[in-house]
Amino acid sequence: MIPVTSVDGPAVPPQPPAGAVPAPGAAHGAVAAPGMTPPAGWPAGATPVYPVPEPDRFTRFVVRLYDRSPRWAVPLAALGCVALGIAYTLISDPTRSDPTAAPSCVLKLTTGLDCPGCGGTRALWYVVHGDLPAAARHHFVFVFALPFLAYLFVAWAGRQAFGWRLPELRVSNKMITGFLAAWLAFSVLRNLPWSPFTSLYV
């Protein structure tokens with residue numbers, strides 16, 4: 001029930017000062033700085049809370065750099081990282097490299113088993129060259145996820161750099177769980193020593 005005064009109508013609860021953080025478990029709107037008692041008229045259950053710590057010098061530098069950068073700078077930097085990965089794949093040509101050549105998968109080098117990511121670099125190489133069957137043979141899960149990842153990146157980069165409003169690809173927790181479960185199953189099946197699973201071995 002809302003308290004009502006005789007003149008001014010509904011009573012307005014006192015507002016906390018700017019920057020104050022509500023205390024967990026305290027009454028509604030109850031905040032207080034350390035070492036201070038709540039002002040008169042505030043709820044009696046007000047609980048002191050810890051102030052938000054000041055960011056360190058490096059964090060302030062990164063935030064200031066981000067605020068002053070043009071909108072397209074972050075998407076361009078992310079695109080540059082992707083381009084570097086593709087360039088490394090093209091230069092190294094993993095399809096012609098020895099399986100034990102550095103850098104090599106530690107799990108495969110020590111156990112002979114394919115790890116969940118084994119074949120991903122070769123799959124990327126085949127994707128760049130337009131050979132999707134060969135790419136899927138080396139890492140089917142990577143090829144399956146690639147168009148979704150590409151769309152998520154384009155939608156994010158377009159919104160950041162140009163303000164585009166592309167249809168959102170909603171990824172629920174169930175979808176993520178299902179994808180991880182399928183990836184785990186693929187990682188197990190590709191190491192089974194029976195046909196047709198041996199065709200997945202890389």
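Small disclaimer: the values here were computed from a predicted structure and weren't measured.

A.B. asks: Help me understand the overall build of the protein, please; the structure alone is not making it clear to me.
C.D. replies: Within the protein one finds seven helices and zero strands. Each helix (α) and strand (β) of the protein, taken in turn from the N terminus, gives the series α-α-α-α-α-α-α. Split into buried and exposed, the 202 residues of the protein put 19% on the buried side. Long-range contacts, defined as pairs at least 24 residues apart, comprise 48% of the intrachain contacts of the protein with a sequence gap of at least 6. Total accessible area on the protein stands at roughly 14,900 Å², and carbon and sulfur atoms take up 70% of it.

A.B. asks: Whenever I open this one, the packing of helix H6 (residues 140-162) against helix H7 (residues 173-189) confuses me. Can you help?
C.D. replies: The geometry of a pair of packed helices is captured by two quantities: the angle between their axes and the separation between those axes. The contact between H6 and H7 brings their axes to 10 Å, and the two run at 155 degrees. One element, H6, and the other, H7, form an angle in the roughly antiparallel class. Of H7, the residues touching H6 (which contributes Phe-140, Val-141 and Ala-145) are Phe-179, Trp-183 and Phe-186. Its residues assigned to classes, the contact of H6 with H7 shows six nonpolar, no polar and no charged.

A.B. asks: What is the right way to read the pattern of salt bridges from this model?
C.D. replies: Side chains bearing opposite charge may pair, as long as their charged atoms lie close to each other. Under the definition given, this model contains three salt bridges. One salt bridge connects Glu-168 with Arg-170, and the closest N-O pair in it is separated by 3.9 Å. Each of the two residues, Glu-168 as well as Arg-170, counts as exposed.

A.B. asks: I'm lost on the packing of aromatic side chains in this one. Help?
C.D. replies: Aromatic ring pairs are reported here in terms of the distance separating the ring centres and the angle at which the planes meet. In total, this model carries five aromatic pairs according to the counting rule given. Plain terms: the ring middles of Trp-125 and Tyr-126 are 5.3 Å apart, the flat faces sit at 90 degrees to each other, and that makes the pair edge-to-face. The residues Trp-125 and Tyr-126 share a single accessibility class, namely buried.

A.B. asks: What should I look at first to understand the side chain of Arg-190 in this one?
C.D. replies: As for its position among the elements, Arg-190 is in the segment after H7. One buried charged residue, Arg-190, forms no salt bridge at all, with the nearest opposite charge on Asp-114 at 4.1 Å.

A.B. asks: Help me out: how do you make sense of the packing of helix H2 (residues 73-92) against H6 in this one?
C.D. replies: With their axes 8 Å apart at the nearest point, H2 and H6 run at an angle of 150 degrees to one another. Of H6, the residues touching H2 (which contributes Val-74, Pro-75, Ala-78 and Leu-79) are Phe-153, Trp-156, Ala-157, Gln-160 and Ala-161.

A.B. asks: It is not clear to me how the nonpolar core should be interpreted in this structure. Could you clarify?
C.D. replies: Note on soluble globular proteins: their nonpolar side chains tend to be buried together. Formed by Ala-123, Trp-125, Tyr-126, Ala-134, Ala-135, Ala-136 and Val-143, the largest nonpolar core amounts to seven residues. Mapped onto this core, the elements with two or more residues apiece are helix H4 (120-128) and helix H5 (132-138). Every residue in contact with Ala-135, bar those within four places of it in the chain, is listed here: Ala-123, Tyr-126, Val-127 and Val-143.

A.B. asks: Any chance you could explain the state of the cysteines here in plain terms?
C.D. replies: Simply put, disulfide is the name for a covalent bond between the sulfur atoms of two cysteines. One pass over the full model with this rule turns up zero disulfides. Unpaired in this structure, Cys-115 has its nearest cysteine sulfur neighbour in Cys-118, at a distance of 3.5 Å. With relative accessibility at 6%, the residue Cys-118 sits in the buried group.

What counts, and at which threshold
- Residues numbered from 1 in each chain as written.
- Predicted model: local features only at pLDDT ≥ 70, side-chain atom pairs only at ≥ 80, totals over all residues.
- Heavy atoms only, no water.
- Helix = DSSP H or I, 4+ residues; strand = E, 2+ residues; numbered from the N terminus.
- Buried < 20%, exposed > 50% of the residue type's maximum accessible area, 1.4 Å probe, protein only.
- Contact = heavy atoms within 4.5 Å.
- Areas by Shrake-Rupley, 256 points an atom, 1.4 Å probe, with all protein chains shown as cover.
- Axes fitted to C-alpha atoms, helices over the stretch in contact; angles between N-to-C directions.
- Parallel < 35°, antiparallel > 145°, perpendicular 65-115°, else oblique.
- Nonpolar A, V, L, I, M, F, W, Y, C, P; charged D, E, K, R; others polar.
- Salt bridge = Lys/Arg side-chain N within 4 Å of Asp/Glu carboxyl O.
- Phe/Tyr/Trp six-rings, centres within 6.5 Å; stacked < 30°, edge-to-face > 60°.
- Lys, Arg positive; Asp, Glu negative; His and termini not counted.
- Core = buried A, V, L, I, M, F, W, Y, C linked by side-chain atoms within 4.5 Å.
- Disulfide = S-S within 2.5 Å.

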